[in-house]
Amino acid sequence: MHIATHDIQLADWRSHALKLEKEVQKVIVGQDKAIRLMNIAIFARGHVLLEGGVGVGKTTLLQSIARCIGGAYERIEGTVDLMPNDLIYHTYLGEDGRPKIDEGPLLRAGENLSVFFFNEINRARPQVHALMLRVMAERHISAFKKEYRLPHMVVFADRNQVEKNETFEIPSAARDRFMMEIPIDIPADRELRKALMFDVKFQHAESLTKQVESNVLQFDQLNAFSDVLQSHIKSSDVLEEYALDLWESTQNPEKFGIKLDSVDVNRLIHTGASPRGMGMLLKAARVNAWLMNRDSLYPEDIHAVFHELIAHRLVFNSMYENRRTQLARELTTQILSTVAVPSQAKSVQAKAA
Amino acid sequence: MKSMIVVSLSLFASLAFGQATDVKILNAINPPTSNNIQMGDVLSRSIEVEVDAAYQLPKASLPMKGESRNGIELRDVSVQTSKGSSTTIYKITLSYQVFVSAAKPVVMQLPDEHLALIGGAKALSIDIPAWKFWYTPLVAEGIPNAKDNMQPQSKPALIDLSMHDARLWAALTLLVIGLLGLVYVNADKRWLPFMNGAFAQAHRNIKKLGHEQAANKNALMYMHQAFNKIYGANLFANELEHFLSANPKFLKMKQEIAQFFEQSNAALFASRAANAIQLQELKTLSKRLRDCERGV
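Source: prediction; values computed, not measured.

A. Representation of the interface of chain A and chain B in the model. In this complex, chain A contributes 24 residues to the contact, which on the side of chain B involves 18 residues. Here chain A and chain B share an interface that buries about 1,700 Å² over both sides, 60% of which is from carbon and sulfur atoms. The tally of links between chain A and chain B comes to zero salt bridges. Applying the counting criterion to the chain A and chain B interface returns six residue pairs in polar contact (both at pLDDT 80 or more). Ranked by residue count, the leading element in the side of chain A that touches chain B is helix α16 (residues 344–352) of chain A, at five residues.

Written out as structure tokens, the structure is:
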């Protein structure tokens, strides 16, 4: 009976999750993979860093998703003079001419805050990063002599990789707090590009977002359901061995015979994926398995999120750091094509012995 | 034209053998050559006659075997009789051997024979006339030493075997190609180039597996290794289209490959291993994939 209830719950939420994707796909074209990854992050309760050029639709994508999730949506723009307290409160002169203090974007909606969008996070100072990262990790903050809990909040941040002036590189520890870094590229399909240029509906982002059905998900139940989902998806010994191999390959790629053009792989990696990163990888992979209507984790589930989960967590030696976007993509691709799943051999042979 | 020839032959036979008209000659055969006959040669003649069924050819009227007349000895006599409703056909064959010693070529003859028939109203006989031939001595007269008379043995004319030779080689070539083809298609071992493909190895390894508990999983592992080797990277179910477009020789097995990946995932990763693939199925599948790999 209990199992049947779970199955119904899982199927019900899955239909809502797929509906969210369809709703967002109505207004965001050519970004199906990014939408699927955002969906996975929502159900894995992870924060997302979007990376891409200017005007590729990052903000519209986030607003559309926030509308589907329901709850309150807050946003702040990263600037060089932004200070941590700008997130907590703001001051203004009231109608009576006296100075007043009000709650800032982080606290304004209280527990109803479901999506906090930090636009151009790399323009903000490290002090702001520090505050954000603490809130992202702990999901609560003390202000105005009381505790503000933000249990349902997920942070969607974006950074513009093109401009480097007046920006602050997000340190590796900070990047690690984000579950995924999702690249948003301009669609390659010529027809889609044509539509984006000539279809007038894409020129009014605000009205476009309103076409998306609101409150497709119940944002305040996502945490509880995420726990159900995570415990429902099982992984076999073989898959766990494989995941361990993948982890090790991010630390010592040369051990697995991984090679990259014009790169000395022995000197490439400074720090591989963290335990938190690998935990998040498996969490996101389980969501993918659930979306694929399975109750077991397959290697394909890990692959579906591997690059977006791992690439931004890798710390390269300084001589390679300026090529990190390209090298991280190449390395994750090489890891997946080189580390064999039938290192099943090891577990199988061990069992046979 | 045909009837003219038959009439002519009958007339010739009648004249040659001086036959009574009540005895109908069907066929008469004399020795093929009438010259250069030497001592020891055997000459055969036969006659086939049809007589009324009332007449019989008694054994007593046949010449005696071993009888010698003028150096010609009757070596063998045979009679074949076939009886019809109103007539009887006799086929008489007489074999003579020449035992005469003459120093010069002479004309000799096979003696005439009269074989009396009995049982009928008339006194009939089968008359076989004498048949003349030239006897040639082995050694010419007046040569004291046979050695001087010896002639070099002429080399027999060789039969042209080149056509048979060519056919034999063609057949042998086809046989060898056929055998190599059979080996290429069926052999497990690496006997020929291009035989030791990834699936050939996998098939060999899977065949070696016994009934141990991990046999199925090991077999799956061998199959995955083969797929990875051909693909040049790890191959997963979601990359099958790419694999097949890069290796179109496996296209005809598309459905089976997709099913294999599904079952393999279920066996290796699923908590409930439904429809687990069996070792025997993997043996068959690896053999079929090996055939694809070998292009057969």
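B. A look at unusual backbone geometry. Residue and element names in this part refer to chain A. Residue Ser262 is not a glycine yet carries a positive backbone phi of 55°. With respect to the element layout, Ser262 can be found in the loop between α10 (237–251) and α11 (265–268). With a relative accessible area of 62%, Ser262 lands in the exposed category. Backbone geometry places Asn293, a non-glycine residue, at a positive phi of 65°. Considering the arrangement of structural elements, one finds Asn293 in the loop between α12 (275–291) and α13 (299–310). Asn293 gets classed as exposed once you look at its relative accessible area, which sits at 53%.

C. Highlighting the pairing of strand β5 (residues 87–98) of chain B. Residues and elements named next belong to chain B. Pairing of strand β2 (residues 42–52) with β5, which is carried by 11 bridges, proceeds in the antiparallel orientation. Of the residues in β5, the one forming a bridge with Ser46 is Thr93. Note: strand β4 (residues 72–83) against β5, 11 bridges, orientation antiparallel. Within β5, the position partnered with Ile72 by the bridge is Val98. Counting the residues in the hairpin turn of β4 and β5 gives three residues.

D. View of the pattern of salt bridges. Residue and element names in this part refer to chain A. Taken as a whole, this structure holds 23 salt bridges over all chains when the rule is applied. Linking Glu213 and Lys19 is a salt bridge whose minimum nitrogen-to-oxygen distance equals 3.0 Å. With Glu213 in the loop between α8 (205–210) and α9 (222–232) and Lys19 in helix α1 (residues 2–27), this residue pair connects regions lying 194 residues apart in the sequence. By relative accessible area, Lys19 is classed as partly exposed at 33%.

E. Examining the environment of Val341(A) more closely. By the secondary structure assignment, Val341(A) is in the loop between α15 (324–338) and α16. A C-alpha to C-alpha distance of 8.0 Å links Val341(A) and Val238(A), two positions 103 residues apart in sequence. Residues within four places of Val341(A) in sequence aside, it is in contact with Tyr242(A), Pro299(A), Asn234(B), Phe236(B) and Phe269(B).

F. Region of interest: a nonpolar patch on the surface. On the surface, Leu168(B), Trp169(B), Leu172(B), Leu175(B), Leu179(B) and Leu182(B) cluster together into a nonpolar patch covering about 610 Å² of accessible area. Counting through the fold element by element, Leu172(B) comes out in helix α2 (residues 162–186).

G. Looking closely at the packing of α12(A) against α13(A). Residues and elements named next belong to chain A. Put simply, α12 and α13 touch, their axes get as near as 8 Å, and they point 135° apart. On the basis of the axis angle, α12 is oblique to α13. With respect to the hand of their crossing, α12 and α13 are arranged in right-handed fashion. Taking contact as the criterion, the partners of Gly277, Met278, Met280, Leu281, Leu282, Ala284, Ala285, Asn288 and Ala289 in α12 are, on α13, Glu300, Asp301, Ile302, Ala304, Val305, Phe306, Leu309 and Ile310. By residue class, the composition of the contact of α12 with α13 is 13 nonpolar, two polar and two charged.

H. Geometry of the sheet that holds strand β2 (residues 72–77) of chain A. Residues and elements named next belong to chain A. Reading across the sheet, the five strands line up as β2-β5-β8-β1-β9 and stay open at both edges, with parallel pairing between neighbours. The open sheet has two free edges, formed respectively by β2 and β9 (180–184), since each of these has just one partner strand. Mean inter-strand twist for the sheet, computed between neighbouring axes without regard to direction, equals 20°. Lying on the sheet, helix α3 (residues 58–69) is in contact with β1 (48–52), β2, β5 (113–119), β8 (154–160) and β9; it crosses β5 at an angle near 175°.

I. Representation of the packing of aromatic side chains. Residues and elements named next belong to chain B. Within the structure shown, the criterion is met by 15 aromatic pairs over all chains. Note on Trp131 and Phe133: the rings are 5.8 Å apart at their centroids and 25° apart in plane angle, and the pair reads as stacked. The class of Trp131 is buried, set by a relative accessible area of 12%. The class for Phe133 is buried, based on a relative accessible area of 1%.

J. Representation of the side chain of Thr332(A) within the structure. In this fold, Thr332(A) is placed in helix α15. Within the structure, the side chain of Thr332(A) is placed 2.8 Å from the side chain of His307(A), a separation counted as a polar contact.

K. Representation of the environment of Glu113(B). All names here are of chain B. Examined against the element boundaries, Glu113 turns out to sit in strand β7 (residues 113–117). Of the residues examined, Glu113 reaches a relative accessible area of 5% and is grouped as buried. Expressed as a C-alpha distance, the spacing of Glu113 and Pro63, which sit 50 residues apart in the sequence, is 7.6 Å. Excluding residues that lie within four positions of it along the chain, Glu113 makes contacts with Pro63, Arg69, Leu94, Tyr96, Ile126, Asp127 and Ile128. Separated by 2.7 Å, the side chains of Glu113 and Arg69 make a polar contact. Only 2.7 Å separates the side chain of Glu113 from the side chain of Tyr96, close enough to count as a polar contact.

L. Inspection of the environment of Asp301(A) at higher detail. Residues and elements named next belong to chain A. Inspection of the secondary structure puts Asp301 in helix α13. Measuring from C-alpha to C-alpha, the distance between Asp301 and Val287 comes to 8.3 Å, with 14 residues separating the pair along the chain. Among all residues touching Asp301, those that are not within four sequence positions of it are Ala285, Asn288, Ala289, Met292, Arg294 and Ser296. At 2.9 Å, the side chain of Asp301 forms a polar contact with the side chain of Asn288. Engagement of the side chain of Asp301 in a polar contact is seen with the backbone nitrogen of Tyr298, the distance being 2.8 Å.

M. Structural detail: the sheet that holds β5(B). If you trace the five strands from one edge of the open sheet to the other, you get β1-β2-β5-β4-β3 (chain B), paired in antiparallel fashion. The strands lining the two open edges of the sheet, one partner per strand, are β1 (24–29) and β3 (68–69) of chain B.

N. Examining the packing of α10(A) against α13(A) more closely. Residues and elements named next belong to chain A. Contact geometry for α10 and α13: axes closest at 12 Å, N-to-C directions at 25°. As judged from the angle between their axes, α10 and α13 are roughly parallel. The element α10 and its partner α13 pack so that their crossing is right-handed. In this structure, α10 contributes Leu239, Tyr242, Ala243, Leu246 and Thr250 to the contact, and α13 contributes Pro299, Ile302, His303, Phe306 and Ile310. Looking at the contact of α10 with α13 residue by residue, the class counts come to eight nonpolar, two polar and no charged.

What counts, and at which threshold
- Residues numbered from 1 in each chain as written.
- Chains lettered and ligands numbered in written order.
- Predicted model: local features only at pLDDT ≥ 70, side-chain atom pairs only at ≥ 80, totals over all residues.
- Heavy atoms only, no water.
- Contact = heavy atoms within 4.5 Å.
- Buried area = accessible area lost by both parts, 1.4 Å probe.
- Salt bridge = Lys/Arg side-chain N within 4 Å of Asp/Glu carboxyl O.
- Polar contact = N/O pair within 3.5 Å; in protein donor to acceptor, adjacent residues only side chain to side chain.
- Helix = DSSP H or I, 4+ residues; strand = E, 2+ residues; numbered from the N terminus.
- Buried < 20%, exposed > 50% of the residue type's maximum accessible area, 1.4 Å probe, protein only.
- Pairing = 2+ DSSP bridges.
- Patch = residues over 30% accessible without salt bridge, like charges linked within 9 Å, V, L, I, M, F, W, Y side chains within 5 Å.
- Areas by Shrake-Rupley, 256 points an atom, 1.4 Å probe, with all protein chains shown as cover.
- Axes fitted to C-alpha atoms, helices over the stretch in contact; angles between N-to-C directions.
- Parallel < 35°, antiparallel > 145°, perpendicular 65-115°, else oblique.
- Left-handed = near helix turned anticlockwise from the far one by under 90°.
- Nonpolar A, V, L, I, M, F, W, Y, C, P; charged D, E, K, R; others polar.
- Phe/Tyr/Trp six-rings, centres within 6.5 Å; stacked < 30°, edge-to-face > 60°.

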